[in-house]
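A closer look at the structure
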2 protein chains.
Amino acid sequence: MSAVSLHDTFAQFTEQWSPKKIATLNDYDIKIVKVEGEFVWHSHADTDELFLVLKGHLRIQLRDGEVALGPGELFVVPRGVEHCPIADEEAEVMLIEPAGVVNTGDAGGPLTAVVDDLT
Amino acid sequence: MSAVSLHDTFAQFTEQWSPKKIATLNDYDIKIVKVEGEFVWHSHADTDELFLVLKGHLRIQLRDGEVALGPGELFVVPRGVEHCPIADEEAEVMLIEPAGVVNTGDAGGPLTAVVDDLT
């Protein structure tokens, strides 16, 4: 058993919008992702989704506003709430949600990604 | 709905070994805690427990070794595994585990803390 370094795991990939699993917590996945530009509007009917920004800035657009996150700031998107992340420059983000949650939720489309396992 | 700043929430308290809830994710609590010195050996029979160090250094002693964590490093203690956190100087740590988990697990004792709700 050993520590997981966020810095070292982010250094292992360059793809954007492609979450990587770095640890598991019961039936939850701890994932990291590099993001830049606008994602796709979607929701997750069955689960909340935690975003913790580690580097850069991320805005989570909601239908009635947006939440701006910088390093060390987190936000939990409640289940069923439509959201669309957007980053003007590349940002590094930790995501926590149950295993098997698809990044594009109900929207699908070309940004739908298989979660690579870096554990 | 608004962002939660780890910096701002850590600034709201000084007590050590007293976890504060800063967000919820489904039936999980996102907690932060300031730690210094040695905690108590304990385990959680029914759940894993995630430690993410945000500031300082934390060692998680295990019966067969220890895991050393610095800023941006995380470790998931598997359910049932005896552990004892220790920090030579004050460290700031994020904890994630199901709501209702008691910090001292099966050990109990004077360090058992009620989780204050900062949400």
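Residues numbered from 1 in each chain as written. Chains lettered and ligands numbered in written order. Predicted model: local features only at pLDDT ≥ 70, side-chain atom pairs only at ≥ 80, totals over all residues.

1. Details of the relation of the copies chain B and chain A
Superposition of the two copies of the chain requires a rotation about an axis together with a shift along that axis. Put simply, the test is: The copies are overlaid by a least-squares fit using only the C-alpha atoms of residues whose pLDDT is at least 70 in both copies. Note on contacts: residues are paired as contacts if their backbone-placed C-beta atoms lie within 7 Å.
When chain B is brought onto chain A, the operation consists of a screw motion whose angular component is 180° and whose axial shift is 0.0 Å, with 0.0 Å RMSD remaining. A rotation of that kind, with that shift, is consistent with a two-fold axis. With an isologous cut-off of 70% or more, the 100% of interface residues of chain B that recur at the interface of chain A puts this contact in the isologous class.

2. So, the interface of chain B and chain A
Threshold: Strands qualify as paired when DSSP identifies two bridges or more between them. Secondary structure follows DSSP: runs of H or I at least 4 residues long count as helices, runs of E at least 2 residues long count as strands, and numbering of each begins at the N terminus.
Counting residues at the interface gives 25 residues for chain B and 25 residues for chain A. Note that strand β7 (residues 73–77) of chain A and strand β1 (residues 4–5) of chain B share two bridges and pair antiparallel. Note that in β1 of chain B the partner of glutamate 73 of chain A across the bridge is serine 5 of chain B.

3. Concerning unusual backbone geometry
Residue and element names in this part refer to chain A. We count it as follows: Around each residue's C-beta, the other C-beta atoms within 10 Å are counted; 20 or more make the residue buried, 12 or fewer make it exposed, and counts in between make it partly exposed. All C-beta atoms are placed from the backbone.
At tryptophan 17, a residue that is not glycine, the phi angle is positive and equals roughly 60°. Inspection of the secondary structure puts tryptophan 17 in the loop between α1 (6–10) and β2 (20–25). Taking the C-beta count within 10 Å as the criterion, tryptophan 17 has 19 such neighbours and is therefore assigned partly exposed.

4. Considering the environment of valine 40 of chain A
Residues and elements named next belong to chain A. Here valine 40 shows up in the loop between β3 (28–38) and β4 (49–55). In this structure valine 40 comes out as partly exposed when scored by C-beta crowding, with 17 C-beta atoms within 10 Å. Each C-alpha atom of the pair valine 40 and glutamate 97 lies 18 Å from the other, and the pair is 57 residues apart in sequence. When neighbours within four sequence positions are excluded, valine 40 is seen to be in contact with Cys84, Thr104, Ala107, Gly109 and Leu111.

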